[in-house]
Amino acid sequence: MTAAPLLEVSHLRVEFPTRRGTLLALDDISFSIASGEILGVVGESGAGKSLTGAAIIGLLDPPGRIAAGEIKLTGRRIDNLPYEQMRRIRGKEIGAVFQDPLTSLNPLYTVGRQLIETITTHLDLSATQARVRAIELLASTGIPAPEARVDHFPHQFSGGMRQRVVIALALAANPRLIVADEPTTALDVSIQAQIIALLKKVCREQGAAVMLVTHDMGVIAETCDRVAVMYAGRIAEIGPVADVIHRPAHPYTVGLMGSIPAMDEDRERLLQIDGAMPRLTAIPPGCAFNPRCPHAVDRCRAERPEIAEVGATHAACWQPVAVEALR
Amino acid sequence: MSTHLVEVQDLAKIFDVSPPWLNRVVERKPKAFVHAVDGVSFGIERGRTLALVGESGCGKSTVARLLVGLYGATRGAVRFDGEDIAKTLGGSGAQKLRRRMQMIFQDPYASLNPRWKVLDIVAEPLREHGLVKDAAEARRRVAELLSSVGLNPADAEKFPHQFSGGQRQRISIARALATQPEFLVCDEPTSALDVSVQAQVLNIMKDLQRERGLTYLFISHNLAVVRHVADQVGVMYLGRLVEVADKAKLFSTPRHPYTRMLLDAIPDIHMTGRARTPVQGEVPNPLNPPSGCSFHPRCPLANARCKAERPALLEFKGVRVACHAVEEGRAA
Amino acid sequence: MPSGGRASLTMAVDADPKPTASASALRGFFDGDVWHSFRTSPVAMLAAFIVLVCFVCALFAEIVAPHNPFDLATLELLDSLKPPAWVEGGEAKYSLGTDGQGRDILSALMYGARISLLVGIASVLLSILIGVSLGLLAGFLGGRTDAFIMRICDVMLSFPSILVALMISGIGRSLFPHAPDMLAFVVLVLAIALTGWVQYARTVRGSTLVERNKEYVQAARVIGVGPLRIMRRHVLPNVLGPVLVLATIQIASAIITEATLSFLGVGVPATSPSLGTLIRNGNDYLFSGEWWITAWPSLTLVLITLSVNLLGDWLRDALNPRLR
């Protein structure tokens with residue numbers, strides 16, 4: 001990318017002070033997203049991917065807080081802004097789409113009213129103009145008969161339609177960055193496809209950057225340009241999507257890709273990684289994956305690996321895997 | 001057919017979701033029914049796995065519950081090893097039948113009683129059916145069962161909240177195997193689990209099937225998982241079976257337009273950047289299903305007959321499909 | 001599916017095992033969040049302390065009380081109507097003063113508190129028995145049973161509780177006019193219990209409706225466990241949490257109801273006066289200047305009910321799953 005990245009996260013640390021001590025939920029996360037790019041953040045439960053999204057939007061649940069590092073949007077730091085300023089940025093420059101469309105929309109107000117409210121907060125439009133734009137937004141997200149549906153309540157939409165409304169809401173103020181946290185997990189497979197297509201369209205047409213957080217590798221393969229694989233609050237591997245999936249370097253990524261049942265081949269047993277992701281209270285020293293790693297050596301147990309270029313991707317590993325060795 | 005351990009004939013379940021009597025009288029609302037399962041027929045051979053796939057509202061979970069007797073069928077029959085389960089469950093042979101079939105549920109956090117120790121949870125079927133004489137024997141059997149699913153026998157003294165989702169699901173499997181059943185109904189057992197944990201559980205389930213000759217009915221919405229575990233696959237839509245085929249045939253040459261749509265809609269990690277034709281429409285409201293073939297509003301091959309007449313599940317080149325277009329040779 | 005959505009402490013920390021009060025060993029309890037919340041709440045600790053003191057005094061009244069106000073042999077009529085010790089005319093021997101018959105108020109308070117607490121706790125236990133059983137049945141069996149029990153609840157709630165208690169007390173007394181005092185207690189406890197069970201029934205019914213659909217109940221049904229056993233062994237332990245909180249708060253209201261009834265003369269028999277009876281007795285002297293005879297029992301009643309209420313409030317907050 002020749003242009004400066006739209007979003008730049010450097011050495012982000014998120015902590016949760018509890019009465020049992022301080023828990024490190026995100027440990028030195030760094031990545032960037034360029035305009036018009038879709039970055040996937042994938043990981044299993046507890047890896048910290050949702051937290052990363054929340055930290056960027058500025059919606060970390062207290063007592064969680066950003067302990068170190070920087071988040072820059074178009075070159076400007078946003079992690080240390082006061083609440084009011086962050087609130088303005090949140091709607092205008094960053095749009096958010098969450099997993100459950102039922103709870104993302106206020107059931108008491110019509111869809112139109114919620115859209116208009118967002119539009120008039122962030123854009124300088126009159127009420128009439130805002131309504132016109134609301135209808136446009138609904139149309140652009142593929143909702144049929146938007147002039148009529150703009151006055152409907154959320155419960156009058158089906159699940160897939162509701163998620164489209166949520167996306168419309170996120171797009172209302174023309175944001176540069178959209179953070180989508182598991183936007184398709186609660187939807188049926190056929191609807192998932194529609195929503196994914198919509199997100200891609202939005203990204204290309206408006207040049208927005210998208211950060212797509214999910215546990216579903218298939219969705220990532222379909223949608224993203226680059227992907228970051230997270231493990232125990234750290235990034236294990238990051239790189240172009242095709243390379244991470246077909247030529248992974250980090251043993252965890254290899255195991256992850258191998259444990260996903262594929263549509264195009266028959267295997268007797270799925271590759272399985274024994275054990276489980278460590279709880280945040282019990283992260284082993286050195287590389288967090290070392291107890292489960294078939295290639296671990298002493299250095300892995302002692303020293304935490306830095307992210308380094310390995311083949312086509314960047315991986316945090318002292319013993320990166322040779323191409324396709326485990327598949 | 002005597003090779004079929006489980007046989008289902010024209011199974012149907014209708015739920016009465018009418019508004020309360022007072023509302024109906026005052027607001028003049030009609031009674032409302034949901035045909036959750038609308039005439040389903042299939043058979044599962046001993047030692048094999050039939051998977052039922054479909055999206056939300058297709059009735060696959062209801063079929064699962066009908067098969068173990070959690071719901072009573074409105075119409076049709078479920079036969080287990082030749083006998084009608086509705087009759088048996090109502091009579092004296094109920095306990096014996098229950099020993100032979102068990103169920104594994106989707107939510108690992110709700111399927112174990114949070115106040116009971118794992119020992120009691122896994123021993124409950126043993127105690128209920130009088131299969132153990134005393135506490136010591138119960139402890140022994142539980143230890144065996146826990147080992148068979150890859151857990152430490154010492155875990156029997158712990159409580160469910162001390163385990164992760166994948167481990168809880170394994171405890172569920174251990175409990176289901178306690179009475180040495182022949183038939184296991186698995187309702188989305190890995191949907192709530194992470195991918196790597198899912199791999200562990202699926203591997204265990206396949207191993208157990210091989211070792212003990214178990215028969216599975218596997219419910220899932222994830223076609224990739226189904227492809228891994230199933231021998232035969234049935235695709236459901238709005239309470240009806242639209243296609244039943246051997247796994248290989250279904251995935252290589254899907255016949256029914258809905259099956260094709262589903263297969264097309266799955267994001268697959270090995271097909272990066274593939275352009276998919278997005279699916280039209282959404283699953284209709286089960287309270288008000290379309291007439292004739294319930295898929296016709298979304299089907300590119302629908303004609304007048306599809307709107308009027310419900311297609312029957314017919315044999316076609318070795319698979320069973322319920323589609324007029326296929327029957328008439330219109331489907332490519 | 002693994003839940004995504006808003007980030008929160010639960011997801012990050014992956015829930016440290018929180019031992020529930022009934023689940024783990026004692027050490028687990030002291031290490032847990034409930035105990036910690038108690039230690040850091042001065043209100044809860046103070047309330048618990050007061051309740052403890054009252055309990056001890058009530059339980060061991062014979063030992064703790066300086067006099068026995070019901071032993072006629074020890075009463076001295078000459079000592080009657082003495083004011084509290086710090087007021088002019090009072091004696092150190094009777095620290096809070098005496099009543100019209102020379103009974104020491106402080107001792108009467110302890111014996112009275114015992115009766116009040118006894119009746120209060122007994123009626124709450126009976127309420128729980130009735131309410132939890134009916135709530136479980138209503139929630140689990142559903143349909144007509146549920147509708148029937150809920151209608152009974154609605155009817156019961158439309159009567160003021162004092163009225164119901166009065167009615168039952170009145171009926172009891174007229175049926176057994178020469179009954180021994182023991183029966184009066186039974187009727188009283190019954191009367192209060194019958195006004196209080198509705199809360200439990202509704203709460204437990206709500207929780208039962210939720211638990212009934214959970215998969216561990218379905219698993220038990222698939223195993224072949226009968227409905228009564230499922231209710232008792234699976235559902236009941238999981239719905240008792242809110243009952244505990246309710247019970248703590250209801251003890252206070254039961255004590256007040258008993259006091260009211262005794263004040264009105266239809267509560268405990270005169271030979272075993274509760275705080276309510278003492279208040280009533282003292283009322284006659286209020287306007288002639290001997291304020292202490294009614295003031296101390298009233299204050300004690302307020303103190304006990306306030307402390308129990310505060311304790312109940314704290315318990316409800318402490319048992320709430322705070323981490324979302």
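Conventions we followed
Residues numbered from 1 in each chain as written. Chains lettered and ligands numbered in written order. Predicted model: local features only at pLDDT ≥ 70, side-chain atom pairs only at ≥ 80, totals over all residues. Helix = DSSP H or I, 4+ residues; strand = E, 2+ residues; numbered from the N terminus. Rg over C-alpha atoms; globule rule 2.2 N^0.38 Å. Buried ≥ 20, exposed ≤ 12 C-beta atoms within 10 Å, placed from the backbone. Contact = placed C-beta atoms within 7 Å. Core = buried A, V, L, I, M, F, W, Y, C linked by C-beta atoms within 7 Å. Pairing = 2+ DSSP bridges. Axes fitted to C-alpha atoms, helices over the stretch in contact; angles between N-to-C directions. Nonpolar A, V, L, I, M, F, W, Y, C, P; charged D, E, K, R; others polar. pLDDT = per-residue confidence, 0-100. Left-handed = near helix turned anticlockwise from the far one by under 90°. Parallel < 35°, antiparallel > 145°, perpendicular 65-115°, else oblique.

1. Quick word on the overall build of chain A
Here comes step 1: If you tally the helices and strands in chain A, you get 12 helices and 12 strands.
Here comes step 2: In terms of C-alpha radius of gyration, chain A reaches 21 Å, essentially the compact-globule figure of 20 Å for 327 residues.
Here comes step 3: In chain A, which comprises 327 residues, the proportion classed as buried is 54%.
Here comes step 4: Summarising the internal contacts of chain A: among those between residues at least 6 apart in sequence, 64% fall at separations of at least 24.

2. Focus on the overall build of chain B
Here comes step 1: Assigned secondary structure in chain B consists of 13 helices and 12 strands.
Here comes step 2: Relative to its length of 332 residues, chain B is compact, with a C-alpha radius of gyration of 21 Å against a globular reference of 20 Å.
Here comes step 3: Projected onto the principal axes, the alpha-carbon positions of chain B cover approximately 70 × 55 × 40 Å.
Here comes step 4: If you take every contact in chain B between residues at least 6 apart in sequence, the share linking residues at least 24 apart comes to 65%.

3. Examining the nonpolar core
Here comes step 1: Formed by 286 residues in total, the largest nonpolar core has its most connected members in A:Leu177, A:Val210, A:Val229, A:Tyr231, B:Val122 and B:Leu217.
Here comes step 2: If one sorts the elements of this core by residue count, helix 6 (residues 105-141) of chain C sits on top with 18 residues.
Here comes step 3: Aside from chain neighbours lying at most four places away, what touches A:Val210 is A:Ile38, A:Ile178, A:Ala180, A:Leu199 and A:Cys203.

4. Some thoughts on the sheet that holds strand 2 (residues 21-33) of chain A
Residues and elements named next belong to chain A.
Here comes step 1: Strand order in the open sheet made by the four strands is 2-1-4-5, with antiparallel pairing throughout. Of all strands in the sheet, those with a lone pairing partner are strand 2 and strand 5 (76-77), marking the two edges.
Here comes step 2: Examined bridge by bridge, strand 4 (residues 65-73) and strand 5 share two bridges and lie antiparallel to one another. Along strand 5, the bridge assignment pairs Lys 72 with Arg 77.
Here comes step 3: Helix-sheet contacts for helix 1 (residues 49-57) involve strand 1 (7-18), strand 2 and strand 4, and the interaxial angle to strand 2 is about 75°.

5. Considering the interface of chain C and chain B
Here comes step 1: At the interface, 18 residues of chain C touch 24 residues of chain B.
Here comes step 2: Elements that contribute at least two residues to the side of chain C that touches chain B include exactly helix 10 (215-223) and helix 11 (227-263) of chain C.
Here comes step 3: Of the residues forming the side of chain C that touches chain B, the biggest block, seven residues, is contributed by helix 10 of chain C.
Here comes step 4: Its residues placed into classes, the side of chain C that touches chain B shows 10 nonpolar, five polar and three charged.

6. Structural notes on the confidence of the model for chain B
Here comes step 1: Predicted confidence across chain B gives a mean pLDDT of 88, with 96% of residues reaching 70 or more.
Here comes step 2: Interface confidence for the predicted complex, given as ipTM, is 0.86, next to a pTM of 0.81.

7. Quick notes on the pairing of strand 6 (residues 101-104) of chain B
All names here are of chain B.
Here comes step 1: Neither face of strand 6 is exposed, since Met 101 and Met 103 on one face and Gln 102 and Ile 104 on the opposite face are all buried.
Here comes step 2: With four bridges joining them, strand 6 and strand 7 (residues 183-187) adopt parallel strand pairing. The residue of strand 7 that forms the bridge with Ile 104 is Cys 186.

8. Looking at the packing of helix 6 of chain C against helix 11 of chain C
Residue and element names in this part refer to chain C.
Here comes step 1: Relative to each other, helix 6 and helix 11 sit at 145°, their axes nearing to 7 Å. In terms of crossing hand, the pair formed by helix 6 and helix 11 is right-handed. Where helix 6 approaches helix 11, its residues Ser 116, Val 119, Gly 120, Ile 121, Ser 123, Val 124, Ser 127, Ile 128, Val 132, Leu 136 and Phe 140 are matched on the opposing element by Pro 227, Met 231, Val 235, Leu 236, Val 243, Ala 247, Gln 250, Ile 251, Ala 254, Ile 255, Glu 258 and Ala 259.
Here comes step 2: Each residue belonging to the contact of helix 6 with helix 11 can be placed in one class, and the counts come to 17 nonpolar, five polar and one charged.

9. Some words on the interface of chain B and chain A
Here comes step 1: Residue-level contacts link 32 residues of chain B with 36 residues of chain A.
Here comes step 2: If you list the elements that add at least two residues to the side of chain B that touches chain A, you get helix 8 (195-212), helix 9 (223-229) and helix 11 (257-265) of chain B.
Here comes step 3: For the side of chain B that touches chain A, the leading source of residues is helix 8 of chain B, giving seven residues.
Here comes step 4: Each residue belonging to the side of chain B that touches chain A can be placed in one class, and the counts come to 16 nonpolar, 10 polar and six charged.

10. Quick notes on the sheet that holds strand 6 of chain B
Residues and elements named next belong to chain B.
Here comes step 1: Strands sit in the order 6-7-8-3-9-10-12-11 across an open sheet of eight strands; the sheet is mixed. Edge positions in the sheet fall to strand 6 and strand 11 (314-316), since each of these pairs with one other strand and no more. On average, each strand axis in the sheet is tilted by 20° relative to the strand beside it, whichever way the strands run.
Here comes step 2: In this structure, strand 7 lies alongside strand 8 (residues 215-220), joined through five bridges in parallel fashion. For Cys 186, the partnering residue across the bridge sits in strand 8 and is Phe 218.
Here comes step 3: Against the sheet, helix 2 (residues 60-67) contacts strand 3 (49-53), strand 7, strand 8 and strand 9 (232-237), and its axis sits at roughly 150° relative to strand 8.

11. Focus on the packing of helix 7 (residues 159-171) of chain A against helix 8 (residues 189-206) of chain A
Residues and elements named next belong to chain A.
Here comes step 1: Interaxial distance between helix 7 and helix 8 falls to 10 Å at its minimum, and their mutual angle equals 15°. The orientation of helix 7 with respect to helix 8, classified from their angle, is roughly parallel. The handedness of the crossing between helix 7 and helix 8 is right-handed. On helix 8, the residues touching Gly 159, Gly 160, Gln 163, Arg 164, Ile 167 and Leu 171 of helix 7 are Ile 191, Gln 194, Ile 195, Leu 198 and Val 202.
Here comes step 2: Residue classes in the contact of helix 7 with helix 8 are distributed as six nonpolar, four polar and one charged.

12. Some points on helix 5 (residues 118-128) of chain B
Here comes step 1: All buried positions along helix 5 of chain B are accounted for by B:Val118, B:Ile121, B:Val122, B:Ala123, B:Glu124 and B:Pro125.
Here comes step 2: Looking at the packing, one finds that the buried side of helix 5 of chain B touches helix 6 (135-148) and helix 7 (165-177) of chain B together with helix 10 of chain C.
Here comes step 3: Downstream of helix 5 of chain B by a residue or two, B:Gly130 has a phi angle that is positive, lying close to 65°.

13. Examining the environment of A:Gly239
Residues and elements named next belong to chain A.
Here comes step 1: Position of Gly 239 relative to the elements: it lies in strand 10 (residues 234-240).
Here comes step 2: The class for Gly 239 is buried, based on 24 C-beta atoms found within 10 Å.
Here comes step 3: Each C-alpha atom, one on Gly 239 and one on His 314, is 6.0 Å from the other, the two residues being 75 residues apart in sequence.
Here comes step 4: Those residues in contact with Gly 239, other than ones at most four positions away along the chain, are Arg 226, Val 244, Ala 312, Thr 313 and His 314.

14. A closer look at unusual backbone geometry
Here comes step 1: Along the chain, A:Pro62 connects to A:Pro63 via a cis peptide bond; the corresponding omega equals 10°.
Here comes step 2: Phi is positive for A:His11, which is not a glycine, with a value near 50°.
Here comes step 3: When you line up the elements, A:His11 lands in strand 1.
Here comes step 4: In this structure, B:Asp81 takes a positive phi of about 50° despite not being glycine.

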